[in-house]
Amino acid sequence: MLQEINFDGIVGPSHNYAGLSLGNIASASHKGDTSYPRAAALQGLAKMRSNMALGLAQGFLLPLPRPNGDLIRGLAIDETAPRQLLAAAWSASSMWTANAATVSPAPDTADGRCHLTPANLVTMPHRAQEWQDTQAQLAVAFGDEQHFTVHDAILPAFGDEGAANHMRFCEDHGSAGVEVFVWGKQGGKFPARQHEQASRAIARLHGLDPAKCVFIEQNPEAIEAGAFHNDVVSVANERVLFTHERAFADQKGAYEAIREAFPALEVVEVPESAVSLEEAISTYLFNAQLLTLPSGEMALVVPSECQESASVWAYCESMLASNGPIRKVIPVDVKQSMANGGGPACLRLRVVADPATVDQRFMLDEAKADRIEAVVAEMWPETIDPQDLGSDSLANRVIEAREALLTVLSLDTLA
């Protein structure tokens, strides 16, 4: 049976705060800080366990190989190279699997298969190195060609950031839906990372019905304020769009365009007067998981920073009291990820599929979570200072930690 599966990225052992992501204010503000890879991975795993406890299907994706020797060799990175190039080779940013790919479920596509296109991530060098290794992993996890097609990334002339700029509306996850692609206009203070033509190419590549596709421009003011992806200011689930009133360049036009393709749309708009755009971005209120629970109720899984903000938490309480479509708000601690610019939504890739068709090595259960947790607790570095990047001893430890994880999960082929 088709259902939504959230595939969370396991935070890699090289998780560090090098501040490589231009336009990501949280990442920039923590540049140079000491990171806690072990705590970060355990926080992410606790979030996955929490979702399983809610009765939801949960998968995971693995850290990519770091330090990336191919990047180091390809750019001849040595002691004379800019420090940020070395840091890029160590980046654990693949943990944010919302950028892994764009996913179109089988009910939406012409051939009745689920299509996945890895994001090229060309805007940022530390992320542009990811897609081939991500594709290799997706090809294993979704290797059943009767049910899945895994494409190459879109040509790098057009920036593509994956599911972080993609939303889907449907009556339920297993029925045909409307797919919404949010793109940004270049020329502002920070780069707009999703190109309109990349979005349109993916829609064609996935065999989507043009009448069931909507293309919307992100508000340049939101990008300038630090909403480098649409999922920092909007999240969708089934019939519901939860969004800030300043998310789109033409807010009213965006609603009308979606409603024309999907008349059942329910909009929950957070006004600037209740939560400012800046506060929404700093707390990542919208970088949340909007989930349908087995009971049919919708729950919003938010970072604990939302609970710590008087205005954001007051809004959440008033939203619940209004008896709207979102019935629960569940705070989770992902502070290590948040400090590097990614909340609960960044950490997961949504795939609508029958879990039985997925390679079961990528599906999480409590026993597997225990095995992952044991490897992380033993092998992941407790701390990393950005100045440690490049150290042979740290490199060996990071490599050994990842290899130990692959072994315990019987995924050595991805070494």
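Residues numbered from 1 in each chain as written. Predicted model: local features only at pLDDT ≥ 70, side-chain atom pairs only at ≥ 80, totals over all residues. Heavy atoms only, no water.

## What about the sheet that holds strand E4 (residues 114–118)?
The criterion, for reference: Strand pairing is assigned whenever DSSP identifies at least 2 bridges connecting the two strands. Here a helix means four or more residues in a row that DSSP labels H or I, a strand means two or more in a row labelled E, and each is numbered from the N terminus. Angular values range over 0 to 180 degrees, each being the angle between N-to-C directions of two axes fitted as lines to C-alpha atoms, with helices fitted over their stretch in contact.
The strand order E3-E4-E5 describes an open sheet built from three strands, whose pairing is mixed. Each of the sheet's edge strands pairs with one partner strand only, and the pair in question is strand E3 (101–104) and strand E5 (148–150). Adjacent strand axes in the sheet meet at a mean angle of 15°, parallel and antiparallel pairs treated alike. As paired elements, E4 and E5 share three bridges and run parallel to each other. Its bridge partner lying in E5, cysteine 114 is registered against phenylalanine 148.

## A few points about helix H7 (residues 196–205)
This is how it is decided: Throughout this description, buried means an accessible area under 20% of the type-specific maximum (1.4 Å probe, protein chains only), exposed means over 50%, and partly exposed covers the range between. For this analysis, residues touch if any pair of their heavy atoms sits within 4.5 Å.
Buried within H7 we find Ala198, Ser199, Ala201, Ile202 and Ala203. Along its buried surface, H7 packs onto E3, E4, strand E7 (178–183) and strand E8 (213–217).

## What to know about the pairing of E7
The following threshold applies: Place the viewer so that the strands point away; then a crossover is right-handed whenever the path from the first strand over the helix to the second strand goes clockwise.
Most of E7 sits out of view: six of its six residues are buried. Residue alternation in E7 divides its side chains into two sets, Val178, Val180 and Val182 and Glu179, Phe181 and Trp183, and both sets are buried. Judged from the five bridges that link them, E7 and E8 form a sheet pairing that is parallel. Bridge pairing links glutamate 179 to cysteine 213 in E8. Note that the unit made of E7, H7 and E8 has a crossover that is right-handed.

## Focus: the pattern of salt bridges
We apply this condition: Salt bridge criterion: a side-chain nitrogen from Lys or Arg within 4 Å of a carboxyl oxygen from Asp or Glu.
Across all of its chains, the model carries 19 salt bridges by this definition. Here glutamate 196 makes a salt bridge to arginine 200, at a shortest N to O gap of 3.0 Å. Taken together, the residues span about one helical turn, with glutamate 196 and arginine 200 both in helix H7 at a distance of four residues. Residue classification places glutamate 196 among the partly exposed residues on the basis of a relative accessible area of 21%. The shortest N-O distance in the salt bridge between glutamate 266 and arginine 239 comes to 3.5 Å. Note that glutamate 266 is positioned in strand E11 (residues 266–270) and arginine 239 in the loop between strand E9 (234–237) and strand E10 (240–244), a separation of 27 residues in sequence. Put simply, Arg49, Glu366, Asp370 and Glu373 are held in one network by salt bridges that share partners.

## Side note on unusual backbone geometry
As a rule of thumb, non-glycine residues mostly have phi less than zero, and peptide bonds are mostly trans rather than cis. Proline 67 follows arginine 66 through a cis peptide bond whose omega is -5°. Tracing the backbone shows proline 67 in the loop between strand E2 (57–61) and helix H3 (69–74). Positive phi is not limited to glycine here, since leucine 121 has a value of about 55°. Here leucine 121 is to be found in the loop between E4 and helix H5 (125–128). Its identity as a non-glycine residue notwithstanding, asparagine 323 has a phi of 65°, on the positive side. Residue position: asparagine 323 is located in the loop between helix H11 (310–321) and strand E14 (326–332).

## Focus: the packing of helix H13 (residues 366–379) against helix H14 (residues 392–408)
Spelled out, the test is: We call two directions roughly parallel when the angle between them is under 35 degrees, roughly antiparallel when it is over 145, roughly perpendicular when it lies between 65 and 115, and oblique otherwise. Note on convention: the crossing is left-handed when the near helix lies turned anticlockwise from the far helix by less than a right angle, right-handed when the turn is clockwise.
One can describe the packing of H13 onto H14 by two numbers: an axis separation of 10 Å at closest approach and a directional angle of 165°. Taken as axis vectors, H13 and H14 run roughly antiparallel relative to one another. Judged by the sense of rotation from one axis to the other, the crossing of H13 with H14 is right-handed. Together, Arg371, Ile372, Val375, Glu378 and Met379 of H13 and Arg397, Glu400, Ala401, Ala404, Leu405 and Val408 of H14 make up the contact between the two elements.

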